[in-house]
Amino acid sequence: MEENKKVLYSGMQATGTLTLGNYLGALKNWVKMHEEFTCFYGVMDLHSLTVRQEPAQFRKNARALYALYVAAGLDPEKNCIYYQSHVAAHAQLGWVLDCFTYMGELNRMTQFKDKASKHADNINAGLYTYPVLMAADILLYQANVVPVGVDQKQHLEITRDIAERFNNLYGEVFTIPEAYISENGAKIMSLADPTKKMSKSDENKNATILLLDDRDTIIRKFKRAVTDSGSEVRFSEDKPGISNLMSIYGCVTGKTMEEIEREFDGKGYGEFKLAVGEAVADELTPLQKRYDELMKDKSYIDQCIKTNDERAAYVAGKTLRKVHKKIGLTELIR
Ligand code: AQP
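To start, this report covers the structure provided alongside it. Being a predicted model, the structure only gives us computed values, none of them experimental.

**Describing the pattern of salt bridges**
For step 1, the next point in the chain: With the rule as written, the count across this model stands at 13 salt bridges.
For step 2, the next point in the chain: Here Glu178 ties to Arg160 by a salt bridge, and the two come within 3.9 Å at their closest N and O atoms. On the criterion of sequence distance, the pair formed by Glu178 in strand E5 (residues 178–180) and Arg160 in helix H8 (residues 153–170) is long-range, its members being 18 residues apart.
For step 3, the next point in the chain: The exposure class assigned to Glu178 is partly exposed, which follows from its relative accessible area of 44%.
For step 4, the next point in the chain: With a closest N to O distance of 2.7 Å, Asp213 and Lys221 form a salt bridge.
For step 5, the next point in the chain: For Asp213, a relative accessible area of 11% gives the class buried.

Here is the structure:
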């Protein structure tokens, strides 16, 4: 990895098998980023703890997430792909930054409000301070850019505010990150309710396409997808169901909305849904094959994790030591 490129930071939570939303909205676009940036991608397992996880399943999800990153085309030799929990500096800087973040700022976070209403039985402090840990993730690597979906914009803004506050007090410690808006990114909505985003933790299995769903399941889920009244394949606000399917089809085939409208002119929803299902299944087949191979070769993934954990820990450790020194924590005696 070249050192003179700008730094990009991103990651995903290990809260379930990745969905088509995670793939089309983020992962697929990450694959070529290393050409322009020095990239760090975390398996964000510490963030995942804000929602209760079953331990054995959680461990499997984290491993599967790592393998899916690689299977989707992220090269672990060209990108630093590592486990967040293996780099202690995340939790350490998270604590320091907690002390530089105001309750008033956290109270404004809409994701906290959403997640708190979904998990009313477990509104833990981690859910509340999640944006501070996210700030630590980004700032540890001195990231210049963070690819963000619309839903994460607020968290990037608070990261910038915390970093600027800290720099004003102690000098230029942190790089101030910018949002990176991908040209190809799309927000993929639930197949059962096109007003809600597709989420890996959705309990309705028909609402999401999982990256590991087999071909028949993918086609069946698309056939069942909620559509709108009428029968015309047209991209418009009053047709959220069909517009979502068109976005998916467009991301996978590279066709524009006008091209898709022409292709399905005079054809019904049934034919269109089948075409979307088949296109998505075709897109995911090579990824799934590579995933199966990777999951069989334990030593390869283990080696990738080990090498990249060490690299991440080295970069993060440098920032953390600087922070500790600036705020006056006593240095380790070696
Ligand atoms: N539906 C989506 N459309 C486009 N992009 C999406 N992302 C997630 N869902 C969609 C993008 O995927 C990345 C991973 O996000 P995350 O795992 O950190 O958490 P999330 O955004 O909360 O994703 P989920 O799938 O909805 O997880 P749960 O169900 O656990 O909350 C991010 O870049 C996100 O923008």
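**Remarks on the site of the ligand**
For step 1, the next point in the chain: Around the ligand, 17 residues are found, and the nearest of them are Thr15, Ile188, Ser199, Lys200 and Ser201.
For step 2, the next point in the chain: Within the backbone of Gly21, a nitrogen or oxygen atom sits 3.3 Å from a nitrogen atom of the ligand.
For step 3, the next point in the chain: Contacts to the ligand include Ser201, whose side-chain N or O atom sits 2.4 Å from an oxygen atom.
For step 4, the next point in the chain: Computed on the free molecule, the ligand has an accessible area of 650 Å², of which 92% lies beneath the protein chains in the complex.
For step 5, the next point in the chain: Contributions of two or more residues to the shell around the ligand are made by strand E1 (6–13) and helix H1 (20–30).
For step 6, the next point in the chain: At four residues, the largest contribution of residues to the shell around the ligand is made by H1.
For step 7, the next point in the chain: The residue makeup of the shell around the ligand, split by class, is five nonpolar, seven polar and five charged.

Here is what the cut-offs are and how they apply
- Residues numbered from 1 in each chain as written.
- Predicted model: local features only at pLDDT ≥ 70, side-chain atom pairs only at ≥ 80, totals over all residues.
- Heavy atoms only, no water.
- Salt bridge = Lys/Arg side-chain N within 4 Å of Asp/Glu carboxyl O.
- Helix = DSSP H or I, 4+ residues; strand = E, 2+ residues; numbered from the N terminus.
- Buried < 20%, exposed > 50% of the residue type's maximum accessible area, 1.4 Å probe, protein only.
- Near = heavy atom within 4 Å.
- Polar contact = N/O pair within 3.5 Å; in protein donor to acceptor, adjacent residues only side chain to side chain.
- Areas by Shrake-Rupley, 256 points an atom, 1.4 Å probe, with all protein chains shown as cover.
- Nonpolar A, V, L, I, M, F, W, Y, C, P; charged D, E, K, R; others polar.

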